[in-house]
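This is what each chain is made of:
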Amino acid sequence: MNRLGIKEIEAIIPHRHPFLLVDYIEDFEPGVFARGYKCVTFREDFFAGHFSQMPVMPGVLIIEALAQVGAIAILSKEKNKGKTALFGGIEKCRFKGQVQPGDKLKLEARIIKEKGPAGVGETIASVDGKIVVKAEIAFMIML
């Protein structure tokens with residue numbers, strides 16, 4: 001297994017606290033897949049307003065966390081090192097559950113299509129084996 005900590009993740013993608021939404025990568029294969037985790041705590045800034053009576057991680061931030069894991073998969077490929085990946089679009093997105101404080105959010109991305117600087121990643125976010133989000137995320141690599 002290829003494990004990455006925060007410093008190794010920061011060497012691949014440009015995101016930093018508080019917008020770095022991946023705590024560690026458990027395993028990855030450059031250009032093929034990445035599997036990582038976000039340990040969700042009550043101290044996350046977004047819980048102050050989403051929602052105070054029942055804190056829930058915003059769906060757009062779960063998608064962003066999935067995109068960051070996908071970016072690690074594609075940008076760890078030798079020819080893409082030092083580049084940045086941008087959103088190209090989201091297809092087949094389905095929200096199937098909620099993410100709350102105390103959850104360990106598993107984030108998986110598999111690159112299913114790549115043509116030139118563009119491609120698509122198939123992504124799944126889950127908590128305790130239950131899928132909370134599935135989506136295909138298109139990306140564009142900045143040259």
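Please read all numbers here as calculations on a predicted model, not as lab measurements. (Residues numbered from 1 in each chain as written. Predicted model: local features only at pLDDT ≥ 70, side-chain atom pairs only at ≥ 80, totals over all residues. Heavy atoms only, no water.)

Let's talk about the overall build of the protein
Helix and strand counts for the protein come out as 2 helices and 6 strands. The N-to-C order of helical and strand elements in the protein reads α-β-β-α-β-β-β-β. What you see for the protein is a C-alpha radius of gyration of 14 Å, in line with the 15 Å of a compact globule of 143 residues. Along the first, second and third principal axes, the C-alpha atoms of the protein reach 45 × 30 × 25 Å. A buried classification covers 45% of the 143 residues belonging to the protein. (Helix = DSSP H or I, 4+ residues; strand = E, 2+ residues; numbered from the N terminus. Rg over C-alpha atoms; globule rule 2.2 N^0.38 Å. Buried < 20%, exposed > 50% of the residue type's maximum accessible area, 1.4 Å probe, protein only.)

Things to note about the layout of surface pockets
The space that makes up the largest pocket amounts to roughly 280 Å³. Around the largest pocket, the lining is made up of 15 residues, and of these His17, Pro18, Leu20, Lys38 and Glu44 lie nearest the centre. Residue composition of the lining of the largest pocket, by class: 8 nonpolar, 1 polar and 6 charged. One number sums up the size of the second largest pocket: a volume of about 230 Å³. Tallying contributions element by element places helix α2 (residues 59–75) first for the lining of the second largest pocket, with 7 residues. (1 Å grid on protein atoms, 1.4 Å probe; cavity = no way out; pocket = protein on both sides within 12 Å on 5 of 7 lines; lining within 4 Å. Points joined across faces, edges and corners; volume = space filled by probe spheres on them. Nonpolar A, V, L, I, M, F, W, Y, C, P; charged D, E, K, R; others polar.)

Overview of the nonpolar core
Most often, soluble globular proteins keep nonpolar side chains buried together rather than apart. Met57 and Leu105 are the most contacted members of the largest nonpolar core, which has 39 residues in total. Of all elements in the fold, only α1 (6–12), β1 (24–29), α2, β4 (104–115), β5 (118–127) and β6 (130–142) reach the threshold of two or more residues within this core. The leading source of residues in this core is α2, at 12 residues. (Core = buried A, V, L, I, M, F, W, Y, C linked by side-chain atoms within 4.5 Å.)

Comments concerning the sheet that holds strand β3 (residues 84–95)
Within the open sheet, the 6 strands sit side by side as β1-β2-β4-β5-β6-β3. Their pairing is antiparallel. Pairing within the sheet leaves two strands with one partner each, and these edge strands are β1 and β3. If you compare each strand with its neighbour and ignore which way they point, the axes differ by 20 degrees on average. With 10 bridges connecting them, β4 and β5 associate as antiparallel partners. Counterpart to Leu107 in the pairing with β5 is Ala125. Sheet contacts for α2: β1, β2 (33–39), β3, β4, β5 and β6; angle to β4, the most-contacted strand, approximately 55 degrees. (Pairing = 2+ DSSP bridges. Axes fitted to C-alpha atoms, helices over the stretch in contact; angles between N-to-C directions. Contact = heavy atoms within 4.5 Å.)

Digging into the pattern of salt bridges
Overall, the coordinates contain 8 salt bridges when judged by the stated rule. Arg35 is the partner of Asp27 in a salt bridge, and the nearest nitrogen-oxygen pair spans 3.7 Å. Linking Glu44 and Lys38 is a salt bridge whose minimum nitrogen-to-oxygen distance equals 3.1 Å. Comparing Glu44 with Lys38 shows no difference in burial state: the two are buried. Overlapping salt bridges bring together Lys7, Glu10 and Arg16 as one network. (Salt bridge = Lys/Arg side-chain N within 4 Å of Asp/Glu carboxyl O.)

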